[in-house]
Amino acid sequence: MMLIPCPWCGPRDDSEFAYGNQAHIARPSDPASTSDQEWAEYLYFRDNPKGPFAERWMHAAGCRRWFHVVRDTNSHVILQVYKVGEWPDPALGVGPANKES
Amino acid sequence: MAEAGRRRGPTGKPRYSILALARNALSYHENWQAAWRSPEPKPSYDAIVVGGGGHGLATAYYLASVHGIRNVAVLEKGWIGGGNTGRNTTIIRSNYLWDESAAIYEHALKLWEGLSQELNFNLMFSQRGVITLAHSEHELKEMRRRVEAIRLNGIDTEVLSTADVKKLVPIINTDQGIRHPVMGGFIQRRGGTARHDAVAWGYARAADDLGVDIIQNCEVTGFLKDGNGAIEGVETSRGTIRSKRIGCVAAGHSAVLADLAGFKLPIQARPLQALVSEPIKPVIDTVVMSNAVHMYISQSDKGELVLGAGTDSYNSYAQRGSLNIIEHQLAAACELYPIVSRLRVLRTWGGIVDTCPDASPIVSRTPVDGLYFNCGWGTGGFKATPGSGHVFADLMARDRPNPVAAPFTLERFKGGYLIDEHGAAGVAH
Amino acid sequence: MANQSNRLAAGGRVDRRRPLVFRFDGRRLQGYAGDTLASALLANDVHLVGRSFKYHRPRGILGLGSEEPNALIQLGRGNRTEPNLRATQIELFDGLDAHSQNRWPCLRFDVGAVNSAFHRLFPAGFYYKTFMWPASLWSTYEEVIRHAAGLGRAPEGPDPDRYERMHAHCDVLIAGGGPAGLAAALAAGRSGARVILADEQAEFGGSLLGDDDVTIGGTPAVDWVAEVVAELESMPEVTLLRRATVNGYYDHNYLTIAERVTDHLGVGLPTVPRQRLWKVRAGRVVLATGAIERPLVFRDNDRPGVMLSTAVRGYAVRYGVLAGRRPLIVTGNDDGYRTAFALADRQARVAGIVDLRTDPIGPLVAEAKNRGIEVLAGHSVTATHGGRRIEAAEIAPMTADGSGLAGSTRTLECDVIAMAGGFNPTVHLFSQSRGKLRWDGERAAFLPGTSHEAEVSVGGCAGTSSVTQAIKDGIKAGLDQVRALGHTARQPAAPAVEEHGQGETRPLWLLPSTQPVGRKGKHFVDFQNDVTAADLMLATREGYRSIEHVKRYTTTGMGTDQGKTSNVNALAIVGQSLGVDVPAVGTTTFRAPYTPTTIGAYGGRDVGHLFAPTRTTAMDPWHRANGAKFEHVGDWMRAWYYPKAGETFRQAVDREVTVARNGVALLDASTLGKIDIRGGDAAEFLNRVYTNAWAKLGTGRCRYGFMLKEDGMVMDDGVTTRLADDHFHMTTTTGGAARVMNWLEEYLQTEWPEMDVRLTSVTEQWAVASICGPKCRELLGRLCSDIDLGNDAFPFMAMRDGTVAEIPARVFRISFTGELSFEINVPTRYGLALWEALMTAGADLGITPYGTEAMHVLRAEKGFIIVGQDTDGSVTPLDLGMDWIVSKSKPDFIGKRGLARPDLHKPDRKQLVGLLTEDPTFVLPEGGHVVETVKPKPPMAMLGHVTSSYYSPSAGRSIAMALVKGGHARKGQTLYVPLEGRTIPVTVAGTVFFDPEGSRRDG
């Protein structure tokens, strides 16, 4: 049972959270202009690394806010927690190129 | 038993039999041969199978036995059968909803029937029946849909009343006042269980017998491609090995391999936990699955109750999950089988399952010519082992979709024709 | 009654003033309070306590605690019986009723021992090589195997006892209350930190309880234990848990402790649970779990009376029981000498000390000589004799490397053999925490290496064999951990300890005999599973070289003891066999639980009404009082139908439907999901999540909408109403409410955080009574005077605020039945009052409550779909023939792009159609499949399946809807639904079976 630090409520058991998979997958701004392959990739294809992974969690049994976690999928060590609209620490080498928000 | 002493295959291993046991007993079992060799990898092969689980070893066996491609290596990063082959709850059935799924799982089930004899290795395939329970009006309706589809696909299935279930599973609680009462179910009598490790060992021994090199402790670290981007070989922890035909069958690590090969798969690795109780005298003869309460149960030949549950919700390669899954699963066990609460959990463990968006597998060519992937079996791979290996060997040998495997192409995610088994598979396998 | 012939006159921690009577295999025996079943059996000179799993060899008690592989007991009877309990852990109580297992007809004469005669046919893995011919007989072989296997018996009925779980947080959790754990608890506890100290035994002290040759601070070690425990008990922030095994170590310092609350009493108590599972999130963890002695692997080392050295000593010191009068010590270290002296001090005549070391030196060796105990240095045990009890051992000098014999054998008579093979640190929890083990060649043991969690190992489990060091390390660990958490702590003084040294250990993994291993006798490694050294060698010979292969092939370490005494011996023997070091063979993985833990402890509390939540509506008491039958819909209990006396299901439903079409009928629709949506962008938000257009919906008007997933498949539907410019009331399906709420929140927070929209789930806030039928306007008029109910003033798909039965209400003119209908929403607390008011006011109109089944019939008559019944996640709006609800002009909405994919427009997709049977009275089964061509028997190609099917009283015939391949183009075709025993021809039709003109909507 992992201990996930919700940025709003503090650390809680993972059973309080819902998982949202890979973070920073933006919905295409103009879906109509995407090809079938591009749409398939948006729908179904996600990174699945063994190691640090920027992912989304939602505190379902708490504040119900979505937020981001960088977690090592092999060790379950949580490396960073940050809010929607924020970006992972570039030093962790995960997720999109660090776009300052 | 006349054939007991017959030799076969290029390596000339003696066959297993009661007579062989008796003969070896006279020499204190000191003269048994290795079930498979431990060869050094050759510089190149006609085909390479990456992943030495049941599916990979079966693929190699069928490449050699059906397609005559014997210059084959199976590369396993650890020990053969050490992934999900050795971590699952060993349930075998083919009672799937969709035609495409029914076809591939039934293909597998037909191969299971007779596999011990074909491989000359007792896989303890035991057709003790698989019961799926229904706990609500809604589930009864869903069950009817599945049963009709299964029946019309020519697969055995039988509807059970609550009383029928009780007769087959005397320890089950059929009190209609409980939160999820047993309102009926259906059984596939040809379904059952097998000894999971034996499946890997049996295929390994038979493949080795046909000349396949099984190379353990050999991790693939990269793929070699030629100027046109076609596959040429693999880099491994034991050096470069070349082949123009490579099949990856690495279950939980498929996404990692695809990453090395330069493309993505629509796959997520999730923990799947299971557990066994201490051994007790037989109390349950069939496999019983329940989607509503997320629990399935059987009893091994050793006497352990084998309990499975649903996957954890998050991505992980850690082969461990969260305790609340186990707690819920055991609450369901106590609720449905009230005698089990004083029995004891002996061992819990986790595997990594590769789950697809539609809960159906991928058996497919890839963007890289000569590179094939067989993955995405999720929580249901063990039962498919022989069929999966059989159709994947066919795909690798002929480079064209096998008719049974054709629907399970990567292309389906682009066009939208998914084979959505979520409802049909539930959690239970 | 036997006379406790092996009980010493004095000594030990048992209470001789409290004799207890118990039964073993029906025999009445006596022990004392403070005994375990094992110590009480040994006190009565009972060594034979079980039969082994495979060969049914007689087996005795090997150990002292949770490591015991042999002495497995069936305790109690009936619903409270428990199989496979270790006699070494069962605390004796008056009336205890124990039985041996795995024998028939009785322990002394066990027919299964015939296996032993054919043992040479049963090497490791024999079953993989046979039972294959003929294939049809496998199930017969298997039944025999199943009944032979399995150890003890399950209880006969439901468990009468109760279980509980406890959630706890602490600064420091200490696993194990021996010298190291006690010292750590003291150091941490004095800082004021929150400490939990748990130990699997009934009292704290660990190894100190079984030793009388250690003094701490000048007094016997047990006195120091008592002092420390007393101080800890006085600390308010320290929790002491006895009979509590830290059995699981999970991610992020989450640990479980299985506490056995009443098992030792022999009876359940009404006020406390039988067992309690603690789930602890610890800041820091101190592992002080001690070490387990290794057996030695020599020929026929399994006879009853062959025991671990610390166990023989422990029974003497702690329980005052002499396991034998003529003990033979076989040791690879100094610890065996301590056993020899403890026994010699208690009237035993030590038969000798067989020391594996060639040239043992040190004070203990000297003392043995002083005491006149023969020390046989550099000797091996080459054979043992005895049937149900050890009688003698043959010994011989070994070659210097220990691989063979260097002299002739001689026989030593003995009635107990104490094996001292060195210690395996109990690294199970460390390994469970994903710490990396390292092999220490000098100690010949796996030790904790690199930590993964915030924990530290001290004492025996860290490889320490001295009490002095254990206490010192314990104090340091306790301090370090609380300081790391920011507590201030002063260092307690470490007490002076007097103890013997351990000397060197000679790890000799396989003692040489007169014959090669496997030729004569058996060298047992795993006692419980009957795995021998020869089996391990056979496995490596056959290519099973990874330790995991060896384990799985031979089953070594797979018993109920999970290899606590056998794993390291097995690894070492496999290593020898392969010619590699132990670490090259691999380490075994340790998995939770540390010792087997009842299923009840994990899940036994969440049964009955606690198994899953049940949601009921405000009107539920009325439904129950009026005989409704219920169905489960998600977590909800919904009224299904309301049978009158003597009515069948079908009669009741027909009646309810008929009233709804001809009079006035009342449905509890409270379970529909309801979401309150507010904000300046609310309309635009709806535009994005529904397929149709929402911007222009007027205030007070309702609209039906479809939600798709991004892949274009139907996810949910419902009616949403504009309450104000920036305020909407959304409804969802009952089962989809939570999913839709999550879905909307996700988009709002993660895709469109800039939108001014706020969502609140109000499902539980509104009770909904839906009235329908031509007389419902009249009924509502009787209870509502502040809304003009006329068609023009209150048109279809409109909403009005008002008062109904003096209750403030939102009234919606929407209809799921095709009839004139009003959905009256009131605050949930008034739901029952509203319902009762409607029933009263409508009595003379013949108002009739109707349930979900009638609702389904009514909607199906009109061709209205139910998401989840007529769809299954693979159905698009186009498949449903509902193109009209998909906006062509909106540039985007969720699912629009997915819906544009090529496979979703193929003409052979499954499409929703109506089906009419030739026989209007025959109702197709839902789930029946549709085919074009009937074959004499399966397989046959299927076109789809029946999704909804009812008898329609309004249409006067059966009706059905089905998803059929290319269905929209098949109208008028005859297809077939093959059922078991008969095939039903059907005609493909439209999906509206009643009032296609919609003439009844306005009443």
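Residues numbered from 1 in each chain as written. Chains lettered and ligands numbered in written order. Predicted model: local features only at pLDDT ≥ 70, side-chain atom pairs only at ≥ 80, totals over all residues. Heavy atoms only, no water.

### Considering the overall build of chain B
Then, in step 1: Looking only at helices and strands, chain B features twelve helices and 21 strands.
Then, in step 2: Relative to the 2.2 N^0.38 estimate, which gives 22 Å for 429 residues, the radius of gyration of chain B is 22 Å and therefore close to what a compact globule would have.
Then, in step 3: C-alpha extents for chain B along the principal axes are approximately 65 × 60 × 40 Å.
Then, in step 4: A burial count over chain B gives 69% of its 429 residues as buried. (Helix = DSSP H or I, 4+ residues; strand = E, 2+ residues; numbered from the N terminus. Rg over C-alpha atoms; globule rule 2.2 N^0.38 Å. Buried < 20%, exposed > 50% of the residue type's maximum accessible area, 1.4 Å probe, protein only.)

### Observations concerning the packing of helix α2 (residues 54-65) of chain B against helix α7 (residues 196-209) of chain B
Residue and element names in this part refer to chain B.
Then, in step 1: Where α2 contacts α7, the two axes come as close as 9 Å, and the packing angle between them is 25°. By the angle class used here, α2 and α7 are roughly parallel. Seen from above, α2 lies across α7 with left-handed handedness. Taken together, the residues of α7 that come into contact with α2 (itself represented by Gly54, Leu57, Ala58, Tyr61 and Tyr62) are Ala200, Tyr203, Ala204, Ala206 and Ala207.
Then, in step 2: Residues of the contact of α2 with α7, tallied by class, amount to nine nonpolar, one polar and no charged. (Axes fitted to C-alpha atoms, helices over the stretch in contact; angles between N-to-C directions. Parallel < 35°, antiparallel > 145°, perpendicular 65-115°, else oblique. Left-handed = near helix turned anticlockwise from the far one by under 90°. Contact = heavy atoms within 4.5 Å. Nonpolar A, V, L, I, M, F, W, Y, C, P; charged D, E, K, R; others polar.)

### Notes on the confidence of the model for chain A
Then, in step 1: For chain A, per-residue confidence averages 92 on the pLDDT scale, and residues scoring 70 or more make up 93% of the total.
Then, in step 2: Taking the mean pLDDT of every element in chain A, the minimum, 94, falls on helix α1 (residues 36-44) of chain A and the maximum, 98, on strand β1 (residues 3-6) of chain A. (pLDDT = per-residue confidence, 0-100.)

### Examining the nonpolar core
Then, in step 1: Grouped together as the largest cluster of nonpolar side chains are 172 residues, with contacts concentrated most on B:Trp112, C:Leu37 and C:Ile417.
Then, in step 2: Among the elements that make up this core, the one with the highest residue count is α7(B) (eight residues).
Then, in step 3: Leaving out residues up to four positions away in the same chain, C:Ile417 has contacts with C:Phe298, C:Gly305, C:Val306, C:Met307, C:Leu328, C:Val330, C:Thr384, C:Ile390 and C:Ala393.
Then, in step 4: Counting 60 residues, the second-largest nonpolar core is a separate cluster that includes A:Tyr42, C:Val740, C:Tyr747 and C:Val757. (Core = buried A, V, L, I, M, F, W, Y, C linked by side-chain atoms within 4.5 Å.)

### Quick look at the interface of chain B and chain C
Then, in step 1: Contacts between the two partners involve 98 residues from chain B, matched on the other side by 118 residues from chain C.
Then, in step 2: Carbon and sulfur atoms make up 56% of the surface buried where chain B meets chain C, a total of about 9700 Å² over both sides.
Then, in step 3: Looking only at chain B, the three residues that lose the most surface to chain C are B:Leu152, B:Arg179 and B:Arg342, adding up to 10% of its buried area.
Then, in step 4: Counting across the chain B and chain C interface gives 15 salt bridges.
Then, in step 5: Between C:Glu926 and B:Lys141 there is a salt bridge, with the nearest N and O atoms lying 3.2 Å from each other.
Then, in step 6: Our count for the chain B to chain C interface comes out at 60 residue pairs in polar contact (both at pLDDT 80 or more).
Then, in step 7: Examining the composition of the side of chain B that touches chain C, we find that ten residues originate from one element, helix α5 (residues 137-152) of chain B, more than from any other.
Then, in step 8: A breakdown of the residues in the side of chain B that touches chain C according to their chemical character gives 44 nonpolar, 24 polar and 30 charged. (Buried area = accessible area lost by both parts, 1.4 Å probe. Salt bridge = Lys/Arg side-chain N within 4 Å of Asp/Glu carboxyl O. Polar contact = N/O pair within 3.5 Å; in protein donor to acceptor, adjacent residues only side chain to side chain.)

### A word on the pairing of strand β13 (residues 239-242) of chain B
When a strand is regular, its side chains alternate between the sheet's two faces.
All names here are of chain B.
Then, in step 1: Inspection of the sheet shows strand β12 (residues 231-236) paired to β13 by four bridges, in the antiparallel sense. If you follow Gly233 over to β13, its bridge partner there is Arg242.
Then, in step 2: Where β12 folds back on β13, the antiparallel hairpin that results is connected by two residues. (Pairing = 2+ DSSP bridges.)

### Looking at the pairing of strand β11 (residues 220-225) of chain B
Residue and element names in this part refer to chain B.
Then, in step 1: Relative to β12, β11 runs antiparallel, the two sharing five bridges. In the strand pairing of β12, Lys225 is matched with Ile231.
Then, in step 2: From the end of β11 to the start of β12, which pair antiparallel, there are five residues, and Gly229 there has a positive phi angle of about 85°.

### Quick notes on the domain arrangement of chain B
Residues and elements named next belong to chain B.
Then, in step 1: Assigned domains within chain B: domain 1 (40-120 + 195-266 + 358-425) and domain 2 (130-189 + 268-355).
Then, in step 2: One C-alpha centre belongs to domain 1, the other to domain 2, and the line joining them spans 28 Å.
Then, in step 3: The partner domain 2 presents 31 residues to the 30 residues of domain 1 that form the contact.
Then, in step 4: Surface buried jointly by domain 1 and domain 2 totals about 2400 Å² across both partners, of which 55% is contributed by carbon and sulfur atoms.
Then, in step 5: For the domain 1 face of the interface with domain 2, the top three residues by lost area are Arg87, Thr89 and Asn95, together amounting to 27%.
Then, in step 6: The interface formed by domain 1 and domain 2 includes zero salt bridges.
Then, in step 7: Taken together, the links from domain 1 to domain 2 amount to ten residue pairs in polar contact (both at pLDDT 80 or more).
Then, in step 8: Ranked by the residues each element gives to the side of domain 1 that touches domain 2, the list is headed by helix α3 (residues 99-112), at four residues.
Then, in step 9: Of the residues belonging to the side of domain 1 that touches domain 2, the class tally is 15 nonpolar, eleven polar and four charged. (Domains from an automatic or database assignment.)

### Some remarks on the sheet that holds strand β6 (residues 82-86) of chain C
All names here are of chain C.
Then, in step 1: Reading across the sheet, the five strands line up as β2-β1-β7-β5-β6 and stay open at both edges, with mixed pairing between neighbours. Only two strands of the sheet have a single partner each, and these edge strands are β2 (27-33) and β6. With strand direction ignored, the average angle separating the axes of adjacent strands in the sheet is 40°.
Then, in step 2: In this structure, strand β1 (residues 15-24) lies alongside β2, joined through seven bridges in antiparallel fashion. Following the sheet pairing, Val21 is matched in β2 by Gln30.

### Structural notes on the interface of chain A and chain B
Then, in step 1: Counting residues at the interface gives 22 residues for chain A, matched by 27 residues for chain B.
Then, in step 2: Interface area, chain A with chain B, both sides summed: about 2000 Å², of which 54% is carbon and sulfur.
Then, in step 3: Of all residues in chain A, the largest losses of buried area upon contact with chain B belong to A:Tyr44, A:Phe45 and A:Asn48, amounting jointly to 34% of the total for that side.
Then, in step 4: Put simply, chain A and chain B have one salt bridge between them.

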